[in-house]
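What follows is each chain in one-letter form.
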Amino acid sequence: MLPGRLCWVPLLLALGVGSGSGSSGGGGGGGSRRRRLLAAKVNKHKPWIETSYHGVITENNDTVILDPPLVALDKDAPVPFAGEICAFKIHGQELPFEAVVLNKTSGEGRLRAKSPIDCELQKEYTFIIQAYDCGAGPRETAWKKSHKAVVHIQVKDVNEFAPTFKEPAYKAVVTEGKIYDSILQVEAADEDCSPQYSQICNYEIVTADVPFAIDRNGNIRNTEKLSYDKQHQYEILVTAYDCGQKPAAQDTLVQVDVKPVCKPGWQDWTKRIEYQPGSGSVPLFPSIHLETCDGAVSSIQITTELQTNYIGKGCDRETYSEKSLQKLCGASSGIIDLLPSPSTTTNWTAGLLVDSSEMIFRFDGRQGAKIPDGIVPKNLTDQFTITMWMKHGPSPGVRAEKETILCNSDKTEMNRHHYALYVHNCRLVFLLRKDFDQADTFRPAEFHWKLDQICDKEWHYYVINVEFPVVTLYMDGATYEPYLVTNDWPIHPSHIAMQLTVGACWQGGEVAKPRFAQFFHGSLASLTIRPGKMESQKVISCLQACKEGLDINSLESLGRGIKYHFNPSQSVLVMEGDDIGNINRALQKVSYINSRQFPTAGVRRLKVSSEVQCFGEDVCISIPDVDAYVMVLQAVEPQITLRGTDRFWRPAAQFESARGVLLFPDIKIVSTFAKAEAPGDLKTTAPKSAVLDEMLHNLDFCDILVLDGDLDPRQECLELNHSELHQRHLDATNSTAGYSIYGVGSLSRYEQVLHHIRYRNWRPASLGARRFRLKCSELNGRYTSNEFNLEVSVLHEVRVSDEEHVNHLIVQPPFLQSVHHPESRSSIQRSAVVPSIATVVIIISVCMLVFVVAMGVYRVRVAHQHFTQETEAAKEAEMDWDDSALTITVNPMEKHEEPGRGEDETEDEEEEEEVEEDLSSSSSDSDDSDEEEEEGLGRGRRGQSGARFCLHIYKEKVCRIG
């Protein structure tokens, strides 16, 4: 190098000299141009570097390893300055790198980081770099730069972060007895920037001895079948590793719940649902929902059935008598009950078997009932209606005989059936044979219906409307036309009487001994016939309507897509939908309702069946039925009490009058129920008495029974204006045994009618007393009142005339009036019109004078005999009197002994002396008129009888003598 450099010296000196002389001689401007020319001649070439570089830097380090190394070359070398590299320049904003020259002569440089490099912030950098030479001299003037080279640097990652799980805990539910490919998947992440350290390469279960395993993707599975009985829940810890084998900073918790084997079906329902009477509509399944066990269900149909066939006549209906029910439903009048409750007037059902208090008659194939003549008219005309409740099963035997329900046949001689209703081989047949006087042509005679319900052993309501020749059957409100009608000739006229029977047919002719035949096997109730008129569809529906059934609370909130349908009796509800959630909500709104005030207590069975359709699958889930029951609790029983005057007297004239005597003018009907008193102080040991609370309900009949023998229609009767009944929608029957008012009505209605019941007697002189018994009922005898006994007596007046008319001394007996105080139940207070004080004084004075003058053994005995006769007459009249409020003046000096006992004249004389002393002390002002009266009375004692009025009150006697 040194020889070379020496070779440039002469040239530089020559150039320098030339320039120096020029400068000194020619001025400064010429010198600059010469220097530039000299530099241009010296720094001829640009530095040279590679066109691109690739580098790697480890994060948190400042050294960049480039490939190729950073070296710049200049062809001007070895000329000083011009052939040297003075700098590397990086183009870019805010780059964390700088390039430094390590050796100007060799052009070697280094790329380094100005600050720590974070791979997580930026993984690589790309920028431009250029090399600069040192120019022509020490001042680095006229330097040259290389071309631009691209530098791409990649940051090398360091495994500084540990994996972390995305969830702090995981939870899964599995079903026992199954092996799962994957129960759940856990997932972890790493914040390192490189794939090596940012990827999770492995998961591991930290908890030992658990029946679970985990794969590289974080899927957890069970290694054996789990048992709910063995363990309900598992808790396991899981960790993760990145590809640098760095474990997770914190393990995650995985909770696995084991549930029993899933069985599709309805969940969260109770088997027993209690119903308190008067509760209205009560939801049956308020929390029920369907578990499908992840089965794909496209639609579901639910059928809810209320089974009440063992309650009464198929469901809870009103248990009033048939006549009362007919009137409630607006049926036409004139209905004849062929199976009434046994009584003195309807005794033909007394020998039949009765199933319950609801007057259900059971026929076992060995009995029938004869309807007395006159109950049903002989001619039913072309229009009439037959109604009945019937429960019937299959007939025994291969070829079953006819089972007669109703039959009108010849009573004697022949065996013709004029009309009949019977069952034959599970077919209902109605026979109607016309007489020749009504028709003389071949006409319809037998009408056949074939229905499954006839032999299903369930209660059904049948109505046969006859408008000859058309006969229509209504069964449970639905209309059925006969499938077969056969014709026959009319019956020949004859004078043979007919016999109407129920449960069998009377065979009066063509047999050795008349007897029943074609017996019925089953149960009947409310068998009626209405001659001359047909029943309307509205009345028929009312008569068979149930008072209990299924209901839906808030139909508006059922939800979209829910279809529902009730049967006529509302015992079956069908709902259909395609959304399980809507179906659940719809079933939660199904409720039970019973509108009776006093429903029949007991069990009503419930059944919910489901039909499921799946999405194109041959095998679909099967849902078991729900079997539950509604327990209808016992209603509070009413205590019906009759209150009023139970004994009174009336003058004979009132009994003889057209208005008669009102029997129950102040009768009160009160119904109460026992209500437990609210508990008070627990320290009190005395038992709490029940509080009676008043209850409002209806009555269906009140019977007035005549005691001590029937009424004699020749001289007495019970009467009631029909207008009093009609305006209150009640009916009544009258007989010599009593009076019966019936029909469903309120307590006040019955009170008002009973206030107008009158008793008349045209011969009250022979009447001592009449006793009656009143009793009322609700629900056809289910709840009855107390027996209210009433005794009414005639007020007798006995008058004995005197030969000597001393009317000025006669005092008329006061008018007696019965007064009832409602606040007292058992006692009757009566008041009498008391005469004035002056009249009483006169009576006392006269009686004393009479007994002083007239006292004697003979007169006493005669008076005693007379008293005995009147006492016997009073006993025959059975007169009762309450003298608690009656003021009666009795002579204390008169004393009678019983026959055979005898009387002493000495005792009589002593009594006379005592009377005289009393008179002398109390009547010192007596005048001559008193003496005249005494003389007159003395004459009467000697053989003349005086005028006398006697009023018998029990065994005492008051006599007023003139």
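In this numbering scheme, every chain counts its residues from 1 along its sequence in written order. Selection of residues for local features in this predicted model requires a pLDDT of at least 70, selection of side-chain atom pairs for listing and counting requires 80 or more, and totals for whole chains, interfaces and linings are taken over all residues. Calculated side-chain values reflect all of the structure's heavy atoms, with hydrogen atoms and water omitted.

The protein goes by Calsyntenin-2 isoform X2 in an unreviewed UniProt entry, where it is assigned to Equus przewalskii.

(A) Region of interest: a positive patch on the surface. Patches here: salt-bridge-free residues with over 30% relative accessible area, like charges joined within 9 Å, nonpolar side chains (Val, Leu, Ile, Met, Phe, Trp, Tyr) joined within 5 Å. Areas reported here follow the Shrake-Rupley algorithm with a probe of radius 1.4 Å; residue values treat only the protein chains shown as occluding. Throughout this description, the term salt bridge denotes a Lys or Arg side-chain nitrogen within 4 Å of a carboxyl oxygen of Asp or Glu. We count Lys and Arg on the positive side and Asp and Glu on the negative side, and we leave His and both chain ends out. In plain terms, the charge of a residue is placed at NZ if it is Lys, CZ if Arg, CG if Asp and CD if Glu. Where like charges cluster on the molecular surface, the positive patch consists of Lys46, Lys89, Lys145 and Lys148. Secondary structure is summarised from DSSP: a helix means a run of H or I of at least four residues, a strand means a run of E of at least two, and numbering begins at the N terminus for each. Tracing the backbone through its elements, the reader meets Lys148 in the loop between strand 6 (124-133) and strand 7 (149-156).

(B) Expanded view of the sheet that holds strand 12 (residues 200-205). The pairing criterion for strands is at least two bridges between them, as found by DSSP. Reading across the sheet, the four strands line up as 9-16-15-12 and stay open at both edges, with mixed pairing between neighbours. Two strands close off the open sheet at either side, each with one partner strand: strand 9 (169-175) and strand 12. Neighbour-to-neighbour, the strand axes of the sheet open up by a mean angle of 25°, direction not taken into account. Judged from the six bridges that link them, strand 15 (residues 233-242) and strand 16 (residues 252-259) form a sheet pairing that is antiparallel. The residue of strand 16 that forms the bridge with Val238 is Thr252. Orientation is described by axes fitted as lines to C-alpha atoms, over the contacting stretch for helices, and by angles from 0 to 180 degrees between their N-to-C directions.

(C) View of the packing of aromatic side chains. Between the rings of Phe, Tyr and Trp (Trp by its six-membered ring), a pair exists once the centres lie within 6.5 Å; its type follows the angle of the planes, with under 30 degrees stacked, over 60 edge-to-face, and the other angles tilted. Taken as a whole and judged by the stated rule, the model has 16 aromatic pairs. Relative to Phe566, the ring of Tyr564 lies with its centre 6.3 Å away and its plane at 75°, an arrangement referred to as edge-to-face. Between the NZ or CZ atom of Lys370 and the centre of the ring of Trp506, over which it lies, the distance is 3.7 Å. Here, a charge over a ring means that NZ of Lys or CZ of Arg falls within 6 Å of the ring centre while also lying within 35 degrees of the ring normal.

(D) Expanded view of the layout of surface pockets. Cavities and pockets were defined on a 1 Å grid built from protein atoms only: a cavity is a group of points that admits a 1.4 Å probe but offers it no way out, a pocket is an open group of points flanked by protein on both sides within 12 Å along at least five of seven lines, and a lining residue is one with an atom within 4 Å of any such point. Grid points are joined across faces, edges and corners, and a volume is the space filled by probe spheres set on the points. Taken as a whole, the largest pocket holds about 1300 Å³ of empty space. Lining the largest pocket we find 44 residues, and of these Ser343, Thr345, Thr346, Asp703 and Ser740 sit closest to its centre. A per-class count over the lining of the largest pocket returns 17 nonpolar, 16 polar and 11 charged. Under this grouping Gly is polar, as are all residues other than the nonpolar Ala, Val, Leu, Ile, Met, Phe, Trp, Tyr, Cys and Pro and the charged Asp, Glu, Lys and Arg.

(E) Seen up close, helix 6 (residues 580-588). All of the buried residues along helix 6 are Asn582, Ile583, Asn584, Ala586 and Leu587. The elements touched by buried residues of helix 6 are strand 17 (265-267), strand 20 (289-291), strand 21 (297-307), strand 41 (572-577), strand 42 (590-594) and strand 43 (602-614). N or O atoms within 3.5 Å of each other form a polar contact, as long as, within protein, one can give a hydrogen and the other can take it, and as long as residues adjacent in sequence are counted only when both atoms are side-chain atoms. Two to three positions downstream of the cap, the backbone nitrogen of Gly581 sits 3.1 Å from a side-chain oxygen, assigning the N-cap of helix 6 to Asp579. Three exposure classes are used, based on accessible area relative to the maximum for each residue type with a 1.4 Å probe and protein chains only: buried under 20%, partly exposed in between, and exposed over 50%. Two residues qualify as a contact provided that any one of their heavy atoms is within 4.5 Å of a heavy atom in the partner residue.

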